[in-house]
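Structural characterization, general
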Amino acid sequence: MGLISSLKKAFSKPYTTLSVAEAKDLLSSGAVLIDVRSAQEWRSGRAPQAKHIPLDRLQTSPAGINKNKPVIAICASGVRSASAARLLASQGYQAYSLRGGMSAWRAAGEPIR
């Protein structure tokens, strides 16, 4: 393997970043949505179908997330969800990060609970 391909592989994302519309399509096909924000953020409003697994807890255990289903991580803006998706992908999950997080979810007019 050449140097360029080694570097590309080393720096490539092991997960995919999705728009809200793409996430909704994946959710309708059976994907799982996990919210990796803090408990306080979670209480301030969340996607109705989301399961709450704060990022710090996810880093110690995937907390019973089904490995046979795609997993979409969501946070406030997309930074923590990218970390969560990277972590899950490294553990063999088909992982995604929602671009823009809850800010994008709200801006798209999606329901909040």
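Above this text is the structure in question.
Scoring rules and cut-offs
Residues numbered from 1 in each chain as written. Predicted model: local features only at pLDDT ≥ 70, side-chain atom pairs only at ≥ 80, totals over all residues. Heavy atoms only, no water. Helix = DSSP H or I, 4+ residues; strand = E, 2+ residues; numbered from the N terminus. Buried < 20%, exposed > 50% of the residue type's maximum accessible area, 1.4 Å probe, protein only. Contact = heavy atoms within 4.5 Å. Areas by Shrake-Rupley, 256 points an atom, 1.4 Å probe, with all protein chains shown as cover. Lys, Arg positive; Asp, Glu negative; His and termini not counted. Charge placed at Lys NZ, Arg CZ, Asp CG, Glu CD. Pairing = 2+ DSSP bridges. Right-handed = clockwise from strand over helix to strand, strands pointing away. Axes fitted to C-alpha atoms, helices over the stretch in contact; angles between N-to-C directions. Salt bridge = Lys/Arg side-chain N within 4 Å of Asp/Glu carboxyl O.

Helix and strand content of the chain: six helices and five strands. Secondary structure elements in the chain, listed N-terminal to C-terminal, are α-β-α-β-α-β-α-β-α-β-α. Dimensions of the chain, computed from the C-alpha atoms along their principal axes, are close to 50 × 30 × 25 Å. Counting across all 113 residues of the chain, residues that qualify as buried make up 40%. Summarising the internal contacts of the chain: among those between residues at least 6 apart in sequence, 63% fall at separations of at least 24. With the model as given, the accessible surface of the chain reaches about 6100 Å², and the carbon-plus-sulfur share is 53%. For the chain, the distance from the average position of its 16 positive side-chain charges to the average position of its 6 negative side-chain charges is 5 Å.

In this section: the pairing of strand 4 (residues 71-74). Residues Val71 and Ala73 line one face of strand 4 and the alternating positions Ile72 and Ile74 line the opposite face, and both faces are buried. Judged from the four bridges that link them, strand 2 (residues 32-35) and strand 4 form a sheet pairing that is parallel. By the bridge assignment, Ile34 is partnered in strand 4 with Ala73. By the bridge criterion, three bridges tie strand 4 to strand 5 (residues 95-98) in an arrangement that is parallel. By the bridge assignment, Ile72 is partnered in strand 5 with Tyr96.

Let's shift gears to the pairing of strand 5. Of the two faces of strand 5, the one carrying Ala95 and Ser97 and the one carrying Tyr96 and Leu98 are both buried. Taken together, the three bridges between strand 1 (residues 16-18) and strand 5 define a ladder with parallel strand orientation. Looking across to strand 5, one finds that Leu18 is bridged to Leu98. Running through helix 5 (residues 79-90), the crossover from strand 4 to the neighbouring parallel element strand 5 is right-handed.

Here we take up the sheet that holds strand 5. The strand order across the open sheet built from five strands is 1-5-4-2-3, with neighbouring strands paired in parallel fashion. A single partner strand is all that each edge strand has here, and the edge strands are strand 1 and strand 3 (51-52). Across two bridges, strand 2 lies against strand 3 in parallel orientation. In the strand pairing of strand 3, Ile34 is matched with Lys51. The sheet strands contacting helix 2 (residues 20-28) are strand 1, strand 2, strand 4 and strand 5, and the helix crosses strand 1 at an angle near 105 degrees.

Position of Arg46 among the secondary structure elements: in the loop between helix 3 (39-43) and strand 3. Among buried charged residues, Arg46 stands out as having no salt bridge; its nearest opposite-charge side chain is Asp35, 7.0 Å away. Apart from the residues within four sequence positions on either side, Arg46 is in contact with Asp35, Arg37, Met102, Pro111, Ile112 and Arg113.

The values are spatial; any link to function lies outside them.
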